[in-house]
Amino acid sequence: MQTQVKEWGNSQGIRIPKNILEEANIAINDILDVNVSNGRIILVKPLRHRTLEERAEEYGGRIELDGEYDWGEKVGKEKWE
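Residues numbered from 1 in each chain as written. Predicted model: local features only at pLDDT ≥ 70, side-chain atom pairs only at ≥ 80, totals over all residues. Heavy atoms only, no water.

Draft legend 1. Highlighting the confidence of the model for the protein. When pLDDT is averaged along the protein, the result is 86; 91% of the residues meet or exceed 70. Across the protein, element-level confidence peaks in strand β3 (residues 33-37) with a mean pLDDT of 96 and bottoms out in helix α2 (residues 52-57) with 82. (pLDDT = per-residue confidence, 0-100. Helix = DSSP H or I, 4+ residues; strand = E, 2+ residues; numbered from the N terminus.)

Shown next as structure tokens:
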């Protein structure tokens, strides 16, 4: 695929077809890192940490945090009676 650099106000810009953006998982208003290496312009979508709610969606929208965890027998200074 080829595209052309065009004037865009006082800057320059290129248009990237929708199917290319979808394949790269890039949406309108996403932030991209721009790097230049060996004369090549590289656009990278930075890793974004997901929220707890986004992670919970993977498990049907709920994360069960209730209950106790067994850490084993008490030893040393943590032991009390």
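Next comes the rest of the description.
Draft legend 2. Expanded view of the layout of surface pockets. Space inside the largest pocket adds up to approximately 510 Å³. If you trace the largest pocket, you find 18 residues lining it, with Trp8, Gly13, Ile14, Arg15 and Ile16 closest to the centre. Per-class residue counts for the lining of the largest pocket are 10 nonpolar, 4 polar and 4 charged. A volume near 250 Å³ is recorded for the second largest pocket. (1 Å grid on protein atoms, 1.4 Å probe; cavity = no way out; pocket = protein on both sides within 12 Å on 5 of 7 lines; lining within 4 Å. Points joined across faces, edges and corners; volume = space filled by probe spheres on them. Nonpolar A, V, L, I, M, F, W, Y, C, P; charged D, E, K, R; others polar.)

Draft legend 3. Main features of the pairing of β3. Relative to strand β4 (residues 40-44), β3 runs antiparallel, the two sharing 5 bridges. In the strand pairing of β4, Asp33 is matched with Val44. Between the antiparallel neighbours β3 and β4 lie 2 residues, among them Asn38 with a positive phi of about 55°. (Pairing = 2+ DSSP bridges.)

Draft legend 4. Representation of the pattern of salt bridges. Inspection of every chain in the model, using the stated rule, returns 3 salt bridges. We note a salt bridge from Arg48 to Glu54, for which the minimum N-O separation is 2.8 Å. Residue Glu54 is classed as partly exposed on the basis of its relative accessible area, which comes to 27%. For Arg50, the salt bridge goes to Glu58, with nearest N and O atoms at 1.9 Å. (Salt bridge = Lys/Arg side-chain N within 4 Å of Asp/Glu carboxyl O. Buried < 20%, exposed > 50% of the residue type's maximum accessible area, 1.4 Å probe, protein only.)

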